[in-house]
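Below are the chains, spelled out letter by letter.
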Amino acid sequence: MSLKERDKRHLWHPLTQHKIHPDALPIVRAEGALLFDDQGKEYIDGIASWYTAMYGHCNPYIIEKVNKQMRTLDQIVFAGFTHEPAIHLSEELIKILPDNQEKIFFSDNGSTANEVGIKMALQYHFNKGEKRNTIIAFNDGFHGDTFGAMSASGLSVYNGPFEDFFIDVQRIPTPNEENFENVIEELLEIITIYDVAAFIYEPLVQGANAMHMFEARYLNEILQICAANNIITIADEVMTGFGKTGKNFASEYIETKPDIISLSKALTAGFVPMAVTSCTQEIYNAFLDDSVGKAFFHAHTYSANPIACSVAIAGIELLSSVEIQQKIDRIIKSHQSFDTKIKSHAKVKTTRQKGVIYALDLHVEMDRYGKKRFEIFDHFMQKGVCLRPLGKTIYILPPYVITQDQLDTIYRAIVDLLDIV
Ligand SMILES: *Cc1c(COP(=O)(O)O)cnc(C)c1O
């Protein structure tokens, strides 16, 4: 039986309507920026497997470090025990995170990183004797699939069935030049009506919202208002973290720093799942008390798994290397010159770029999950390029190790698409 047939016997895939969705494609191997399917065909991973494998698939440097860690210490309960990989990782993260971040809390994925951030913010106020229940979020944000994270995300087919069970969230539009004053007015009104505990946001680039980008100065003003009202700010850098915006973290572009930062995806370079929620000393201090009840009683069995920590340490070493930083610069420049060539094409409505993230909107009518989206996906796969269009948005977020030839192949596949779409 083929892999495709065996897949269909017992597997249930994410984000998939199995009645109409094409068969899942078996991938048997990956290396650098390349994926290989069961027929031996290769594809350039233009989205770094959902922004994880930034240093290349099966990166040999990381493999070496993990191998050593696997033979030394695999797993230990992180309540009451500690270990070198977690300590070392916390030190490395604090070195590169915005200056106000002091404490590192571990969980398993981007959704739980945000869940932890939301719970920290709610309990921060609770511990200080204040009942603050409302979370503010952007209309079109995405923060994950657990209940808190899903509640704070924009409404769509994905969370619609659960709306009755959401935590209390008030949504404001993502700011732009035209709506900015109204957004601020709405924000101030929400603050007067509700007891607001926290504001959660994706800084500068909203990944799931078709790579929508917005300016730092608007976000900065919102963050200042939050700070003035003792509203805890949570930067969801699950997508933007670890160099993708051209700086280690998107929050570095914004003057006002968040109280809490969520990290995952590239944190563990595509090897294993892990997440981190960092926070300020001020947040941490609100949980210090002689009473046990004020502690943060949130735990995942695999918190700070030593193997995952060793991957993350190796990942940060690579990120900080001259070699990777040069590669990031090259991708940024390469995207810019592609953009000048393509932005006035009749089939291109708009383009945008932040760091290695490049996106263009097609000048074509189509639904986000419609048939045309699959046709475009197929076009790219036939050209040996793995890109996953978000509705009419085509975006590239390549592994930093992608070669110029591979990048040019992606650009060519996009240009070809414009001729036929
Ligand atoms: C992917 C993503 C999440 C969810 O992370 P998972 O690991 O899929 O749970 C949350 N926020 C942002 C911005 C993301 O891109």
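Preceding block: the structure.
Conventions used here
- Residues numbered from 1 in each chain as written.
- Predicted model: local features only at pLDDT ≥ 70, side-chain atom pairs only at ≥ 80, totals over all residues.
- Heavy atoms only, no water.
- Near = heavy atom within 4 Å.
- Polar contact = N/O pair within 3.5 Å; in protein donor to acceptor, adjacent residues only side chain to side chain.
- Areas by Shrake-Rupley, 256 points an atom, 1.4 Å probe, with all protein chains shown as cover.
- Nonpolar A, V, L, I, M, F, W, Y, C, P; charged D, E, K, R; others polar.
- Core = buried A, V, L, I, M, F, W, Y, C linked by side-chain atoms within 4.5 Å.
- Buried < 20%, exposed > 50% of the residue type's maximum accessible area, 1.4 Å probe, protein only.
- Helix = DSSP H or I, 4+ residues; strand = E, 2+ residues; numbered from the N terminus.
- Contact = heavy atoms within 4.5 Å.
- Pairing = 2+ DSSP bridges.
- Axes fitted to C-alpha atoms, helices over the stretch in contact; angles between N-to-C directions.
- Disulfide = S-S within 2.5 Å.
- 1 Å grid on protein atoms, 1.4 Å probe; cavity = no way out; pocket = protein on both sides within 12 Å on 5 of 7 lines; lining within 4 Å.
- Points joined across faces, edges and corners; volume = space filled by probe spheres on them.

Participant: Could you clarify how one ought to interpret the site of the ligand in this entry?
Facilitator: Every residue close to the ligand is listed here: N109, G110, S111, N114, F142, H143, G144, E202, D236, V238, M239 and K265. One of the backbone nitrogen or oxygen atoms of G110 is found 2.8 Å away from an oxygen atom of the ligand. A total of 380 Å² of accessible area belongs to the ligand in isolation, and the protein chains cover 81% of it. For the shell around the ligand, a count of residues per class yields three nonpolar, six polar and three charged.

Participant: Could you clarify how one ought to interpret the nonpolar core in this entry?
Facilitator: Soluble globular proteins tend to bury their nonpolar side chains together. Ranked by internal contacts, the top residues of the largest apolar core, which has 100 residues, are L93, F199, F242 and I414. Here the element with the most residues in this core is helix α10 (residues 306–320); it accounts for 10 residues. Leave out the neighbours within four places in its chain, and F199 touches I136, A137, F138, I172, L219, I222, L223, C226, I231, I232, T233 and I234. V169, A198, I232 and A286 belong to the second largest nonpolar core, which has 21 residues in total.

Participant: Explanation requested: the sheet that holds strand β14 (residues 357–362) in the structure shown.
Facilitator: Think of a sheet as strands paired side by side through backbone hydrogen bonds, with each pair either parallel or antiparallel. Here three strands make up an open sheet; going across it, the order is β13-β14-β16 and the pairing antiparallel. On the outer flanks of this sheet lie β13 (348–354) and β16 (393–396), each paired with one strand and no other. Here the strands of the sheet are splayed against their neighbours by 15° on average, with no regard to which way each runs. Note: β13 against β14, six bridges, orientation antiparallel. The residue bridging T351 from the neighbouring strand is L360, located in β14. Contacts from helix α11 (residues 322–342) reach β13, β14 and β16 within the one sheet, and its direction differs from that of β14 by about 20°. Contacts from helix α13 (residues 404–420) reach β13, β14 and β16, with the element oriented near 170° to β16.

Participant: What is the right way to read the state of the cysteines from this model?
Facilitator: Formally, a disulfide is one covalent bond, and it connects the sulfur atom of one cysteine to the sulfur atom of another. A complete count under the given rule lists zero disulfides for this structure. Left without a disulfide partner, C226 is nearest to the cysteine sulfur of C279, which lies 17 Å away.

Participant: Just checking my understanding: could you explain the side chain of H298 for this structure?
Facilitator: With respect to the helices and strands, the residue H298 is situated in the loop between α9 (281–285) and α10. Looking at H298, the relative accessible area reads 12%, which means it is buried. Within the local environment of H298, its side chain forms a polar contact with the side chain of H300, the two groups lying 2.8 Å apart. If near-sequence neighbours (up to four positions away) are discounted, H298 is found in contact with F105, V116 and K119.

Participant: Got a minute to help me understand the layout of surface pockets in this structure?
Facilitator: Once rolled over the atoms, a probe with the size of a water molecule shows which space is left empty. Roughly 780 Å³ of volume is contained in the second largest pocket. As for the second largest pocket, its lining consists of 26 residues, of which F78, I104, F105, F106 and Y284 are closest to the centre. Put simply, the parts of the chain that give the lining of the second largest pocket at least two residues each are α4 (84–96), β4 (103–107) and α9. Sort the elements by how many residues they give to the lining of the second largest pocket and β4 lands first, with four residues. Grouping the amino acids of the lining of the second largest pocket by side-chain chemistry returns 18 nonpolar, seven polar and one charged.

Function cannot be read off these values alone, since they describe shape.
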